[in-house]
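Commentary on secondary and tertiary structure
Single-letter residue listing:
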Amino acid sequence: QPEPSGSRMRRASEADVDPQPTRSPKKKYQLLKPRTRNVKMHSKWAPLSATAMQQVHEVFSAATRPVIQSRQDGETREKVQRVLANVLRRLEKKVSRAPLPPKTREMHFNTEMLLERNRELENTLTPAMHSVELLKTEVEKEEEALRRDRALLAELKTNAKAHQQSQHQRTRKAHPLLRSVKTTATDDDAVNINMVRGSAKAVGLDDVNDSDLKPLLDQLRNHIESMQTNSAQVEGVEDALSGAQTAVDGILFKRLDAQQY
């Protein structure tokens, strides 16, 4: 049986519809695009000299050799050579008439000199890059040491704060007599390190309001004062005895011989 006209038209319309166009993969190489740049020409610009033009000709000729040598057929090679020769003549004609900056020298078109200059720059660049790598390594080491020092400093600050809080807690729990004694900057003077005898002073004993400890503290103070009085009475006796012993030794040394002395 013949198909209905509607189904035939539907199939025809489906056949006429083009499939989705496939996008070409993005090219991974760079393309050269024409670009117009305005270059200011000065009156001091001049065409190249004959020596420079000869070097330009050698550069162009060296560029055409790989293209000519890639053609195996002799006839094709001759055609390619003629075409390239015409192109080179037009290029050389344009270059010879074009004014160039005065700093353009013959060496800019000398391949051997450019290669030698390139080698010199590479020899200079290699040690510089090596030095840069060494400096980067040293910088990384110093940064790592700085991070360690900062971590240590933070730990020391935390420990100091914890110690201060612990000391404060212990001070609050201590006896009132111990809390009243304060360490000052003069604790290491001559009197406190027993180089010079000074008067004994009970720091904070008068501030005690405990009635049970008051008699004991008074007795302790009287005992200390009695010891100071007794010590003052014999003060200088030791120095006098030492001086007398020295005088006796001097007299005996003068009056007696070596065996008797």
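Since we're looking at a predicted model, the values are computed, not measured. (Residues numbered from 1 in each chain as written. Predicted model: local features only at pLDDT ≥ 70, side-chain atom pairs only at ≥ 80, totals over all residues. Heavy atoms only, no water.)

The subject of this paragraph is the overall build of the protein chain. Assigned secondary structure in the protein chain consists of seven helices and zero strands. Secondary structure elements of the protein chain, listed N to C terminal, follow the sequence α-α-α-α-α-α-α. Taken across its 261 residues, the protein chain has 7% of its residues classed as buried. Put simply, of all contacts in the protein chain between residues at least 6 apart along the chain, 59% involve residues at least 24 apart. (Helix = DSSP H or I, 4+ residues; strand = E, 2+ residues; numbered from the N terminus. Buried < 20%, exposed > 50% of the residue type's maximum accessible area, 1.4 Å probe, protein only. Contact = heavy atoms within 4.5 Å.)

This brings us to a nonpolar patch on the surface. A cluster of nonpolar side chains, contributed by Val-83, Val-87 and Leu-91, occupies part of the molecular surface with about 220 Å² of accessible area. Within the fold, Val-83 resides in helix H3 (residues 74-97). (Patch = residues over 30% accessible without salt bridge, like charges linked within 9 Å, V, L, I, M, F, W, Y side chains within 5 Å. Areas by Shrake-Rupley, 256 points an atom, 1.4 Å probe, with all protein chains shown as cover. Salt bridge = Lys/Arg side-chain N within 4 Å of Asp/Glu carboxyl O.)

Locating Ala-85 in the fold gives a position in helix H3. Judged by its relative accessible area of 28%, Ala-85 is partly exposed. For Ala-85 and Phe-60, which are 25 residues apart along the polypeptide, the C-alpha to C-alpha distance reads 9.6 Å.

Mapped onto the elements, Glu-92 comes out in helix H3. We note that Glu-92 is buried and unpaired, the nearest opposite charge coming from Arg-89 at a distance of 7.9 Å. Once you skip the residues sitting within four places of it in the chain, Glu-92 turns out to touch Met-53, His-57 and Phe-60. (Lys, Arg positive; Asp, Glu negative; His and termini not counted.)

This paragraph deals with the confidence of the model for the protein chain. The predicted model of the protein chain has a mean per-residue pLDDT of 75, with 69% of residues at 70 or higher. Element-level pLDDT for the protein chain is lowest in helix H1 (residues 5-16), with a mean of 49, against a maximum mean of 89 in helix H4 (residues 111-173). Low pLDDT, under 50, characterises residues 1-6; the stretch is placed with two contacts to residues that sit more than four places away or in other chains. For residues 12-19, every residue scores under 50 in pLDDT, and the model assigns this stretch zero contacts once sequence neighbours within four places are set aside. (pLDDT = per-residue confidence, 0-100.)

Moving on to the pattern of salt bridges. For the structure shown, the criterion picks out five salt bridges. Lys-79 serves as the salt-bridge partner of Glu-75, at 3.9 Å between the closest nitrogen and oxygen. Pair noted here: Glu-75 and Lys-79 are both in helix H3, with a separation of four residues, about one helical turn. Since its relative accessible area comes to 45%, Lys-79 is described here as partly exposed.

Moving on: the side chain of Thr-64. Summarising the element assignment, Thr-64 is placed in helix H2 (residues 50-69). On the basis of relative accessible area, Thr-64 is assigned to the buried category, the value being 12%. Discounting residues that sit within four places of it in the chain, Thr-64 has contacts with Leu-84 and Leu-88.

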